Amino acid sequence: MPKLTIDGREVEVPQGTNLIEAARLAGVEVPYFCYHPYLTVVGQCRICMVEIEGQPRLAIACATAAADGMVVKSATSQRVKEAREAVMEFLLANHPLDCPVCDQAGECLLQDHAMSEQGGNFASGMLETRRTFPGLERRLLGPHVIQNQNRCIHCSRCIRFTQEISETWALTYKNRGNNAYIDTFDGRPFDDPFSACAADVCPVGALTVREFRFRKRAWKLSSTPSVCPGCSIGCNIWIDHHERIVYRFTPRENPEINATWLCDYGRFLSESLNQQDVVHPKRRLKEGWQKLPWAEVFRALALDVKAAKTLRVVASGYMSNEELYLARELFARRLQGELVVPVFMGEPRKMKNGRRQWLYSQSALPNLEGAKRLGIRTVDEEGLARFLYGAADLTVVLDPQAHPFLATPEAVQLVKVSPTVVAARVDAPLLEAATWVLPAASLAANEGTWVSSTGKVQRFAVAVAPPGEARPLWQILALLARALGFADLAVTTPSQVFQWLVESEQSFAGLDWNTLLGAEQTSYRERQHVG
Amino acid sequence: MKTQAIHAVPPEQLQKVTFDEAMEKRIAEIFERYPTKRAAMLPVLWLCQERYGWISPGVIAAVAERLEESPAFVEGVVSFYTMFHRQPPAKYVLQLCVTLSCELCGAKTLAHHIKERLGIGFGEKTPDGTFQLLGVECLGACGGAPVIQVNEDYYENMTPEKLDQLLSELAREQ
Ligand code: SF4
Ligand code: SF4
Ligand code: FES
Ligand code: FES
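Being a predicted model, the structure only gives us computed values, none of them experimental.

Within chain A, the secondary structure is distributed over 15 helices and 25 strands. With the principal axes as the frame, chain A shows a C-alpha extent of 85 × 50 × 35 Å. By residue count, 59% of the 531 residues in chain A fall in the buried class. Taking all contacts inside chain A whose residues are at least 6 apart in sequence as the whole, residues at least 24 apart take part in 67%. If you sum the accessible surface of chain A, you get close to 22100 Å²; carbon and sulfur atoms cover 51% of it. Computed over 58 positive and 58 negative side-chain charges, the separation of the two mean positions in chain A equals 2 Å.

A tally of helices and strands in chain B yields 7 helices and 4 strands. Along its sequence from the N terminus, chain B presents helices and strands in the succession α-α-α-α-β-α-α-β-β-β-α. The principal-axis extent of the C-alpha atoms belonging to chain B is close to 50 × 30 × 30 Å. Within chain B, the fraction of its 174 residues that count as buried is 48%. Sequence-distant contacts in chain B: of pairs separated by 6 or more residues, those separated by 24 or more amount to 67%. Just so you have it, chain B exposes about 9200 Å², and 53% of that area is on carbon and sulfur atoms. Taking the 17 positively charged and 23 negatively charged side chains of chain B as two groups, their mean positions are separated by 2 Å.

We now examine the site of ligand 2. Near ligand 2 you find Cys228(A), Gly230(A), Cys231(A), Ile233(A), Gly234(A), Cys235(A), Leu262(A), Cys263(A), Tyr265(A), Gly266(A), Arg349(A) and Lys350(A), and these make up its full shell. For the shell around ligand 2, the residue count by class is 7 nonpolar, 3 polar and 2 charged.

On to the pattern of salt bridges, then. Enumeration according to the criterion identifies 32 salt bridges over all chains in this entry. Notably, a salt bridge pairs Glu85(A) with Lys81(A), separated by 3.2 Å at the nearest N-O pair. Of this pair, Glu85(A) and Lys81(A) both sit in helix α2 (residues 78-93), 4 residues apart, which is roughly one turn of the helix. Put simply, Lys352(A) and Glu167(A) hold a salt bridge, and the shortest N to O gap is 2.4 Å. Here Lys352(A) is found in strand β18 (residues 350-352), whereas its partner Glu167(A) is found in the loop between α4 (157-165) and β8 (172-174), with 185 residues between them in sequence. Given the relative accessible area of 2%, Lys352(A) is considered buried. The partly exposed category is assigned to Glu167(A), whose relative accessible area is 44%. It is possible to trace a salt-bridge network through shared partners that takes in Arg139(A), Lys174(A), Asp183(A), Glu75(B) and Arg86(B).

Here the focus is the site of ligand 1. Close to ligand 1 lie Cys152(A), Ile153(A), His154(A), Cys155(A), Ser156(A), Cys158(A), Ile182(A), Cys202(A), Pro203(A), Val204(A), Ala206(A) and Leu207(A), which account for all nearby residues. Of the residues in the shell around ligand 1, the class split is 10 nonpolar, 2 polar and no charged.

With that settled, the discussion passes to the domain arrangement of chain B. According to the domain assignment, chain B contains domain 1 (11-80) and domain 2 (92-173). Placing the centre of domain 1 of chain B and that of domain 2 of chain B at their C-alpha centroids yields a distance of 29 Å.

All names here are of chain A. Spatially, the 8 strands line up as an open sheet ordered β15-β14-β23-β22-β21-β16-β17-β20, and their pairing is mixed. Because the sheet does not close on itself, it has two edges, and the strands there are β15 (288-291) and β20 (377-379). Sheet twist, expressed as the average angle between the axes of neighbouring strands with direction ignored, equals 25 degrees. When strand β14 (residues 282-285) meets strand β23 (residues 436-439), the two strands line up antiparallel, connected through 2 bridges. Note that in β23 the partner of Lys 282 across the bridge is Val 437. Sheet strands in contact with helix α8 (residues 321-334) are β16 (311-314), β17 (338-342) and β21 (394-397), and its direction is about 150 degrees off that of β17.

As a further point, take the packing of aromatic side chains. Aromatic ring pairs are defined here through the distance separating the ring centres and the angle between the ring planes. Residue and element names in this part refer to chain A. Summed over all chains, the structure comprises 15 aromatic pairs over all chains. Aromatic pair Tyr 325 and Trp 500: ring centres 5.9 Å apart, planes at 40 degrees, arrangement tilted. Note that Tyr 325 is positioned in helix α8 and Trp 500 in helix α14 (residues 494-504), a separation of 175 residues in sequence. With centroids separated by 6.2 Å and ring planes inclined at 85 degrees, the aromatic side chains of Phe 498 and Phe 508 adopt a geometry described as edge-to-face.

For the rest of this paragraph, the subject is the side chain of Glu505(A). With respect to the secondary-structure elements, Glu505(A) resides in the loop between α14 and α15 (523-529). When residues no more than four places from it in sequence are discounted, the contact partners of Glu505(A) are Arg328(A), Arg373(A), Leu374(A) and Trp500(A).

As a further point, take the sheet that holds strand β6 (residues 139-140) of chain A. All names here are of chain A. Reading across the sheet, the 3 strands line up as β6-β7-β10 and stay open at both edges, with antiparallel pairing between neighbours. Taken across any chain shown, the strands that pair with only one partner, and hence form the sheet edges, are β6 and β10 (207-209). For β6 and strand β7 (residues 145-147), the ladder comprises 2 bridges, and the chain directions are antiparallel. Paired with Leu 140 across the bridge in β7 is Ile 146.

This part takes up the packing of α2(A) against helix α3 (residues 109-116) of chain A. Residue and element names in this part refer to chain A. Put simply, α2 and α3 touch, their axes get as near as 12 Å, and they point 130 degrees apart. With respect to their mutual orientation, α2 and α3 come out oblique. With respect to the hand of their crossing, α2 and α3 are arranged in left-handed fashion. Contacts between α2 and α3 involve Arg 84, Met 88, Leu 91 and Leu 92 from the former and Leu 110, His 113 and Ala 114 from the latter. For the contact of α2 with α3, the class distribution of residues is 5 nonpolar, 1 polar and 1 charged.

Residues and elements named next belong to chain A. In this structure, Leu 4, Leu 19, Phe 33 and Leu 110 are the most contacted members of the largest nonpolar core, which totals 59 residues. Examining the composition of this core, we find that 5 residues originate from one element, α2, more than from any other. The residues contacting Leu 110, other than those within four sequence positions of it, are Phe 33, Met 88, Leu 91, Leu 92, His 95, Ile 153, Pro 203 and Val 204. Counting residues in hydrophobic clusters, the runner-up holds 51 residues, among them Ala 308, Val 421, Val 457 and Leu 516.

Calculation criteria
Residues numbered from 1 in each chain as written. Chains lettered and ligands numbered in written order. Predicted model: local features only at pLDDT ≥ 70, side-chain atom pairs only at ≥ 80, totals over all residues. Heavy atoms only, no water. Helix = DSSP H or I, 4+ residues; strand = E, 2+ residues; numbered from the N terminus. Buried < 20%, exposed > 50% of the residue type's maximum accessible area, 1.4 Å probe, protein only. Contact = heavy atoms within 4.5 Å. Areas by Shrake-Rupley, 256 points an atom, 1.4 Å probe, with all protein chains shown as cover. Lys, Arg positive; Asp, Glu negative; His and termini not counted. Charge placed at Lys NZ, Arg CZ, Asp CG, Glu CD. Near = heavy atom within 4 Å. Nonpolar A, V, L, I, M, F, W, Y, C, P; charged D, E, K, R; others polar. Salt bridge = Lys/Arg side-chain N within 4 Å of Asp/Glu carboxyl O. Domains from an automatic or database assignment. Pairing = 2+ DSSP bridges. Axes fitted to C-alpha atoms, helices over the stretch in contact; angles between N-to-C directions. Phe/Tyr/Trp six-rings, centres within 6.5 Å; stacked < 30°, edge-to-face > 60°. Parallel < 35°, antiparallel > 145°, perpendicular 65-115°, else oblique. Left-handed = near helix turned anticlockwise from the far one by under 90°. Core = buried A, V, L, I, M, F, W, Y, C linked by side-chain atoms within 4.5 Å.

Rendered as structure tokens:
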């Protein structure tokens, strides 16, 4: 492992580490625009220049491997400072400098660098008018990406993304030199299934995400680590939110699963987390719906549950391991009911990990693997229909979105026959047939763990408080358990349940709730990567 | 010297392109000379320009398919090189060198002359589609400045008089 000195700090790095990453390990920030840790190094922008003792010329840090005994100067070198100023002068010569109306402001590498290293001191020597790209200033490049070519700094990250990661080769430079601009073949829509990642990797505001544009200034957002609910792959995300509203998902770095990528489908599920149609617990009486406070719900519901001789429960592959554990313990073990988790494939999804291997979804459910590990019986559509067939004293559906079949008229008919408890967040046909409706919180207001189809246990944290009287499902289960007299199951945080999992389930042994969120300290670093 | 006229295939006939046997044969010959299909991109594009007069999106799509590349990638290459025509060219493309030697030896006068005689400036085409004027950088024939390249041929030491004669001849030829 080479040992080197950067700006006077000594650091030992793995063989093959480039000087940008080595500097970071030493606690020194070397600026970059075209470098991205998951894309090939092209050395185009030249902002990363550093001085290496014994070498007459400055070197680009992104394309220079750390070597033993190297003495590198970045912030401490006057020559480096001047060289970077020159690069910035070129980049800013034509840049519109429209940060106040640019949606990238606050998470723009060009702005960051201009303000931090240049200290905001910049005088342009440019006498001519700026180069512009009429017609390409507010262009819908594809369904999710808006292009403002005037802001492009020609780093080619977006192009390399489509070539190396999504493999659609959909983006290219057209023309050359000063006139080069980003385009698709014949100007056709940029419909890459990972298109918004091109906007992520764009270090400036040349490519921005249509859905997020102008909805919130980047610096107002808080980011909470979470996991994409879109499929079994389990990509790591940040839920970016402000004042209880979820504004977007951005990729959270995980070399094992999604590197720094998200598919468009998963990414744009973010908006759906704001939907909460069911806000009060309620019970159906002959004269109509009756709203009840939670305390009374549990008291009355416990009586119904106790009275039921036959109890059947539909859990869900969207539920956390902790919720599944509580459901299994309560309904299957203590109450001797039947418990199933429905399975469906949904649209196949794929994702590329940090080693450039494709991962393929095994199902649409983010925690099917967890349900399997807990030994809960899984059923397909036919099995689910059979499960719901005939009367039971009580049917519990913990998530009407657990399977598309639950949204069909057949399912409604089946469920209508017996008293049914439904925990739900959004309107669903099943609610018409329910006797009890309990408002459950979204992923953004929940915490717990899921197991990815690659077998990784991943934790998601609470981003926002649940709206109205909605509660996370684990809490509903815990409080119901207490009302039924199982005080030992009345946990106050899912981490308690996780501890039971660690102690009792082989496949969770040795895991630690506290380290499962992934490294939060990488957040700044990857923010830089994704632009 | 007789300069060959370009016969550009009209856009409506180049929307969807399938290579005929003769083209396929020549493409196969080109492939043989290169280690990868991608490496054969420029010669295949040249072949297409020779055959169709210009490179339409339809031609790009056909070449991309043949080379197993994305059409965006091929279009990026086409647009990089200014010598590929991306619009149907005129029969005679006058490429007037506007770099230093030619400039000093009277390129501007020639440009004015063309403007007066044909009514076209740089980047423009005569309405009948016979002539088109382009300003190009050094043609590497500074010894014969000022130089005009017409399609594939160089005309050196040009004067307004020689230009008049050339243009009349070309107009007659077509
Ligand atoms: S659009 Fe953005 S990512 Fe693409 S080349 Fe320009 S600056 Fe780089
Ligand atoms: S591949 Fe699956 S987990 Fe990853 S972003 Fe897409 S839907 Fe979400
Ligand atoms: S040249 Fe090194 S980051 Fe661009
Ligand atoms: S300057 Fe015209 S040919 Fe060189």
